[in-house]
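Chain by chain, the residues run as shown.
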Amino acid sequence: MTTTQKIKLKIGDYEICPVPTGIFGLDGGAMFGTVPRVLWEKTNPPDERNRIAMEARGLLLKSPGNNILIDCGNGGDFIAKYGEKLGAKFNEMYNINDEGPTLKKSLAAHGLSFEDIHHVVLTHLHFDHAGGGTCERNGKIVPTFPRAKYYVQKKNLETASQPNLREKASYFPANYQPLLDAKVLTLLDGPSENFLPGISAQISNGHTEAHQMIRISDGKQTLVYCGDVVPTSSHVRLAWVMGYDLHPMNLIEEKIKYLGPAADQAWYLFFEHDPFCDAAQVVRQGSDFAVQQRFWL
Ligand SMILES: [Zn+2]
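A brief report on the enclosed structure follows. Because the structure is a prediction, the values reported are computed rather than measured. (Residues numbered from 1 in each chain as written. Predicted model: local features only at pLDDT ≥ 70, side-chain atom pairs only at ≥ 80, totals over all residues. Heavy atoms only, no water.)

## Comments concerning the overall build of the protein
Piece 1. Looking only at helices and strands, the protein features eight helices and 17 strands.
Piece 2. Relative to its length of 297 residues, the protein is compact, with a C-alpha radius of gyration of 18 Å against a globular reference of 19 Å.
Piece 3. With respect to the principal axes defined by its C-alpha atoms, the protein has extents near 55 × 45 × 35 Å.
Piece 4. Of the contacts formed within the protein by residues at least 6 apart in sequence, a portion of 68% connects residues at least 24 apart.
Piece 5. If you sum the accessible surface of the protein, you get close to 12700 Å²; carbon and sulfur atoms cover 53% of it. (Helix = DSSP H or I, 4+ residues; strand = E, 2+ residues; numbered from the N terminus. Rg over C-alpha atoms; globule rule 2.2 N^0.38 Å. Contact = heavy atoms within 4.5 Å. Areas by Shrake-Rupley, 256 points an atom, 1.4 Å probe, with all protein chains shown as cover.)

Encoded structure:
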């Protein structure tokens, strides 16, 4: 494997700033679906409870007067000692803690506080993406970012509100109802070009209903925030899809559709859950895809 390169990226007016919100634990088997443990444990060693270390990495697009955050992690800032939202048992099960980087600490590293965020884009409402977007203040669950507008796909909110049996453990009203109550949630309906300057949403229904991948482009450079469509650089390979995915074959079709241009036009793919890199560029490899170069941004 080539070494991970350290680079700084600026696309249009936006400084590209990773926002790690904390390593948590997900079942290794569930993260790799039908891929046998003997293959994935080489790169992702499991703990005694078979959990592998997963990052929950948001992305800050920082520009003068317009700070955009994509996804918010689990909300490790808001565990027991700060007031609980989903309970200590939940935090324990997923090993959610505030010992390492958190949303608050990572934004502070870029000189920003919760008040400085203008827009929060959620790929979907699963707890490890939307959890940090709301928090408990004075006994009430409220939007974490008091001045921000939030964005999610309309159909994803609908599915979160009436989750199917497989996703029931991932969608919680506490992660979206306070946004509706505060009237700060904008519902996007399908692919949305430039819904914010230079920023577009492309839809995938393989992982869950109406997940949005976020593309940032200035015509010269393009970066895609993959969310759970390609959660880590290991998942660039087409058959490596998660056991969590609702429609694995659809997801593979969607990966072919989105990884093709990514390989041909040298896009940066940004990974939400990879503990070992922020992003990568990919190449075609026969009828599959492979990582060409990993990056820390
Ligand atoms: Zn998800």
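Here the narrative resumes.
## Digging into the coordination of the zinc ion
Piece 1. Within the first shell, the zinc ion binds the protein through His 124 (NE2), His 126 (ND1), His 207 (NE2) and Asp 228 (OD), at distances of 2.1 to 2.2 Å.
Piece 2. For the zinc ion, the four donor atoms are set out with angles of 86 to 170° between them, so the coordination reads as irregular.
Piece 3. If you list the donors of the zinc ion from N- to C-terminus, the spacing comes out as H-x1-H-x80-H-x20-D. Highlighted residues: His 124 in the loop between strand E6 (119–121) and helix H5 (127–130) and His 207 in the loop between strand E12 (199–204) and strand E13 (211–217), separated in sequence by 83 residues.
Piece 4. Given a relative accessible area of 1%, His 207 falls into the buried group. (Donors = N, O, S within 2.8 Å, 3.2 Å for Na, K, Ca; no water. Tetrahedral: all angles 85-135°; square planar, octahedral: opposite > 155°, others 65-115°. Buried < 20%, exposed > 50% of the residue type's maximum accessible area, 1.4 Å probe, protein only.)

## What about the pairing of E12?
Piece 1. Of all six residues in E12, six are buried, a share of seventy percent or more.
Piece 2. Burial along E12 is two-sided: Ile 199, Ala 201 and Ile 203 and Ser 200, Gln 202 and Ser 204, pointing in opposite directions, are all buried.
Piece 3. Note: strand E11 (residues 192–196) against E12, two bridges, orientation antiparallel. If you follow Leu 196 over to E12, its bridge partner there is Ile 199.
Piece 4. Counting the residues that bridge the hairpin from E11 to E12 gives two residues, and of these Gly 198 lies at a positive phi of roughly 75°. (Pairing = 2+ DSSP bridges.)

## Regarding empty space enclosed by the protein
Piece 1. Enumeration over the complete set of coordinates arrives at three cavities of 30 Å³ or more.
Piece 2. Here the second largest cavity defines a volume of roughly 50 Å³.
Piece 3. Taken together, Thr 21, Gly 22, Ile 23, Phe 24, Asn 74, Gly 75, Gly 76, Ile 96 and Asn 97 make up the lining of the second largest cavity.
Piece 4. Looking at the lining of the second largest cavity residue by residue, the class counts come to three nonpolar, six polar and no charged. (1 Å grid on protein atoms, 1.4 Å probe; cavity = no way out; pocket = protein on both sides within 12 Å on 5 of 7 lines; lining within 4 Å. Points joined across faces, edges and corners; volume = space filled by probe spheres on them. Nonpolar A, V, L, I, M, F, W, Y, C, P; charged D, E, K, R; others polar.)

## Details of the sheet that holds strand E4 (residues 51–63)
Piece 1. Taken in spatial order, the seven strands make up an open sheet running E2-E3-E4-E5-E6-E9-E10, and their pairing is mixed. Two strands in the sheet have a free side with no partner beyond their single neighbour: strand E2 (10–11) and strand E10 (185–188).
Piece 2. When strand E5 (residues 66–70) meets E6, the two strands line up parallel, connected through three bridges. Bridge pairing in E6 places Ile 68 opposite His 119.
Piece 3. Of the strands in this sheet, strand E9 (149–153) and E10 are in contact with helix H6 (residues 154–161), which crosses E9 at around 80°. (Axes fitted to C-alpha atoms, helices over the stretch in contact; angles between N-to-C directions.)

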